[in-house]
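Survey of secondary and tertiary structure
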Amino acid sequence: MKTLSVFDSNEDITSFVHGKIRGLIAEEGKDSLVKGDDPEKFREALMKFEKCFGLAKQEKLVTYYSCSYWRGRVPCQGWLYLSSNFLSFYSFLLGSEIKLVISWDAISKLEKTSNVLLTENIHVCSRGEDHYFSMFLHINETFLLMEQLANYAVRRLFDKETFENDPVLSDPLKITKRALENLARSEHFSSFFRLPKEENLKEIHECFLRIPSSHLSTPGKMCVFDNYICFASQDICTCSVILPLKEVLAVDKMGDSSHSVIISIKGKKAFRFTDVRDFEQLVARLKLVCGAASIPQQDVSMEPVPSPDPGTSSKGPSMMGQRDCGKTVSTQALMTEFHPQDLENLDSKMLKEKMKEQSWNILFVEYGRGVSMFRTKKTRDLVVRGIPETLRGELWLLFSGAINDMTTNPGYYADLVERSLGTYTVATDEIERDLRRSLPEHPAFQSDTGISALRRVLTAYAYRNPRIGYCQAMNILTSVLLLYAKEEAAFWLLVAVCERMLPDYFNQRIIGALVDQAVFEELIKEHLPQLMGHMTDMTFFSSLSLSWFLTLFISVLPIESAVNVVDCFFYDGIKAILQLGLAVLDYNMEQLLTCKDDAEAVTVLNRFFDNVTNKDSPLPSTVQQGSTTSDAKSQQTKVDITDLIREANEKYGDIHYEDVYSMRRRSRLYVIQVLEETTKQNVVRVVSQDVRFGLHDLEELYDIFKREHFLSCYWNLNSTALRHHDPSLPYLEQYQIDCQQFRILYHLLSPWAHSASRDCLALWTFRLLDENSDCLINFKEFSCAFDILYHGSFTEKLKLLFKLHIPPAFTEVESVSPSKGDHLSEDELLRFSQLHVSLSAHGQEVGSAKGRPEKGKGKVDVQEYLKQWQDELLKKEENIKDLPRMNQVQFIQLSKTFYNLFHGHPEEEELYQAIAIVTNLLLRMEEVGRKLHGTTSPAKEKTTEDPGSTSQTAGAAKEPSPREEYQWSFAFEQILASLLNEPVIVRFFEKPVDVQAKLADAKASQLSSRTRV
């Protein structure tokens, strides 16, 4: 009761008690979970998991839960196993067995739902099938872990760049439940506090923080990172603080019962954290870390925009670059030059601007200034009113976290500008085209000063991050940043936006923008259901809001109003844009409900944006865009941007950061699967023109091909498929398989897979398809081969067999290990598949490989792909007369292949007799040809000699033996004509294949066959 007496109101007391109760519940829950971890039970569950599902031994079981799986309206009690690559469920009750295996990369929807039968369940949608799980002891914990594993798989398989930059989970074979939980927690808080990506969360403590100028201590969490101590109250709006460890001067503990930790920083400021559990150990650790952190960075200033001393930096070249580029890089915001404030003649707007500045100065006195300032409800209220122009650059840096990057990288930007000057890439070409389109009505960008600064920032960023390079909309955003921030600060603000605040927005697939659009649609369904009922097509909101997200409303609002939106964005992140979007739709609800089509709705919203004003903007009338509206437009009701933003906060303030963060994770799965489905449809549409597969069968074949690509990535860190997957490539090149993967698919799909020489056939087929010698084939090449096997005529299948037994496909493999026959190990297969690459070093194949656009290096060379496409269109249909002759060794191998293919067939004896007759006939024909050949003159012999035969014997001895001189060979026409005389052989090759059954069997056994390999 003594503690409660310090509070001024009942609301404060209630908030304090609620915080205490939540903290106790959280701590108790942690203890129970720790006690529940039983190593012996886990080993037992691991054995059951391996026995039930038969997955590869490398598959890592993360955890398991008891639950019910709903088959229709019947619940089936069993065990849910969550492993690194799969969600698996097993149940065996009353003689009924249920076994379910779903790969994480195939999940398009993962959500917690409730229905009539169950209050809470987990809904999983995969490949169009819905699965429901319920009756969990800890459903929230289970759902979060499933979400983390699904997103982990998406990042690993679809976003390899992000995954490769994540050292925490770089090895999928070593992930654990604790590692996933720690990573998710670290990413969540790092994103909330806008810390650099490299920061890792070390520990979290439930505690209270005393807010200055009041008697209130707010409950929350202290988060200790590598280089920062952060605090966030339970009610996010109440208070948050960020303390860089380099600013910490002392860490002390109080001797009383309050369990207090006092952290003193530069500037004579102290922060008191109370009710800290294990506070003595925390103080000891912080003293150790802060002592180490403060030594090399004692001279770093606490000012928001530091001016580092070259003498204190160890980066000699960078600082030298900064001195050399000092005259190049602008050291002031463009606003100060192009619309400076007239302090002598203050009008009403300037007086209001000065009052805003005074309000912020009062806030700074009360709550501090710089990185370690308290961010409270008062701070938010001032941001909503609009940040004063003189403070805008400083506070943008502070709220975005860009100040942390700039402080820890002195001289980086100047050095980057120096290195990027004069470079010419696709990105720089696009930048030059868009420079004059960036706020063209503003005088700053009608001059060389503004244009040059914009060029330097965009070019430097494209040089820093070639994966993004340059994307339209970056120029508009950077123009606004340069108006209010110094050039270096504008660069770091752009880095913060592109790499942290709006991740994956500015790339070819704009996944981040699509994810936030999906979040926006979900919020519309929740908050504006009547609008959803009227707008039947959700794509309208997606196409409409894309520019809102990409440019932060800058492209649709007048500049004097848009900057207020940017203020809120840097303080609240994407939540501010979502809230404003809802407010805009809500404000125009009546008119939108009367619209008959999308075009009319767009007109309504565009007219609304034209009439959004900022009555308090101090910008000159020549700069303001809202003042140029026509008289007709001025008759419309004017809306002040401050009122609109305030209304958005009041109506939709219940949208919290955690909600948006969760919806982003959930929507990302859906967006990725939609993009993958688009890729699939495009590939199928292109390939269907060259094959005889039905569209459904071709889609099934594509799914099997892509699944094999992913299966090779599951347990192999150095997978060729994983290394070469690049979503920025053309659709056909995104998924490719190597020889080992092709062999597995050949065993599953080929009608000749029963043959003893199936490994050799798979190897030779792969070599034949790999025309550019990069040891990879795409789906088009793959499907064309199986199109012949499934739908080809007798002549087409025979021609394929013939080409498999001559170079470049054919290579002798029997000598590797005679005891194994024609079965090849993975190493042998890999060596033989690469053999022709080295042998053809001076031939045409290497040339074609060089002509192929290079993978994964910057942007795609479109001209190169167009040329390749044109060459394919101009290719003539191959004539059988163009095929080279088959020599003796190759014909013997072809005969062996025939015998292996016929083995086990119901007409095996007739087929053997037929092939013996054909072989005998061909040999007799060649015997006659040899006798005739012996009577020809040497000159004639020289002219009639087969060039293919010459190339085969070119590497032999200079003086061939008589036996080698008279080697016989066959043309394809001879073999074809001979085999056509044997109806039993023709029937064998023309027997129709049940394609759908073959594909269904392959799909069912693909995982088990891959596991065996």
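Scroll up a little and you will see the structure.
Analysis parameters
Residues numbered from 1 in each chain as written. Predicted model: local features only at pLDDT ≥ 70, side-chain atom pairs only at ≥ 80, totals over all residues. Heavy atoms only, no water. Buried < 20%, exposed > 50% of the residue type's maximum accessible area, 1.4 Å probe, protein only. Helix = DSSP H or I, 4+ residues; strand = E, 2+ residues; numbered from the N terminus. Arc of directions from axis to C-beta. Contact = heavy atoms within 4.5 Å. Polar contact = N/O pair within 3.5 Å; in protein donor to acceptor, adjacent residues only side chain to side chain. Phe/Tyr/Trp six-rings, centres within 6.5 Å; stacked < 30°, edge-to-face > 60°. Pairing = 2+ DSSP bridges. Axes fitted to C-alpha atoms, helices over the stretch in contact; angles between N-to-C directions.

Quick look at helix H26 (residues 641-651)
Each α-helix turn comprises 3.6 residues. Residues three or four places apart therefore point the same way. Within H26, the full set of buried residues consists of Ile641, Thr642, Leu644, Ile645 and Ala648. Down the axis, H26 shows its buried residues gathered within 165° of arc, on one side only. Among the structural elements, helix H10 (377-385), helix H21 (559-572), helix H22 (574-587), helix H24 (598-610), strand S16 (612-613) and strand S17 (639-640) are those in contact with the buried residues of H26. With a side-chain oxygen lying 3.1 Å from the backbone nitrogen of Thr642, the N-terminal cap of H26 falls on Asp640.

Here's the deal with the packing of aromatic side chains
Counted by the stated rule, this structure contains 59 aromatic pairs. Aromatic pair Tyr65 and Phe136: ring centres 6.5 Å apart, planes at 80°, arrangement edge-to-face. Of this pair, Tyr65 sits in strand S1 (residues 61-71) while Phe136 sits in the loop between strand S7 (129-134) and helix H3 (139-158), and the two are 71 residues apart along the sequence. Tyr65 gets classed as buried once you look at its relative accessible area, which sits at 11%.

Digging into unusual backbone geometry
In most cases, non-glycine residues show a negative phi, while peptide bonds are predominantly trans. In the segment running from Pro807 into Pro808, the intervening peptide bond is cis, with an omega of 5°. Considering the arrangement of structural elements, one finds Pro808 in the loop between helix H34 (794-804) and helix H35 (826-833). Although it is not a glycine, Asp504 adopts a positive phi angle of roughly 65°. Relative to the elements of secondary structure, Asp504 occurs in the loop between helix H17 (487-501) and helix H18 (511-527). Phi at Cys775 is positive, roughly 65°, even though this residue is not glycine. Its place among the elements puts Cys775 in the loop between helix H32 (758-769) and strand S19 (777-778).

With respect to the sheet that holds strand S3 (residues 86-93)
A sheet is described by the order of its strands in space; here seven strands give the open sequence S4-S3-S2-S1-S7-S6-S5, paired in antiparallel fashion. The two strands at the open ends of the sheet, each matched to only one other strand, are strand S4 (96-103) and strand S5 (107-113). Averaged over all adjacent pairs, the angle separating strand axes in this sheet is 30°, with direction ignored. Looking at chain direction, S5 and strand S6 (residues 121-126) are connected through six bridges and run antiparallel.

A few points about the side chain of Asn682
Tracing the chain through its elements places Asn682 in helix H27 (residues 657-687). At a separation of 2.7 Å, a polar atom in the side chain of Asn682 contacts the side chain of Arg685.

Section: the pairing of S3
Counting buried positions over the eight residues of S3 gives six, a clear majority of the element. Note: strand S2 (residues 74-83) against S3, four bridges, orientation antiparallel. Counted as the bridge partner of Trp79 is Tyr90 from S3. Here S2 hands over to S3 after two residues, the two strands then running antiparallel side by side. What sits between S3 and S4 in their antiparallel hairpin is a turn of two residues, with Leu94 showing a positive phi close to 50°.

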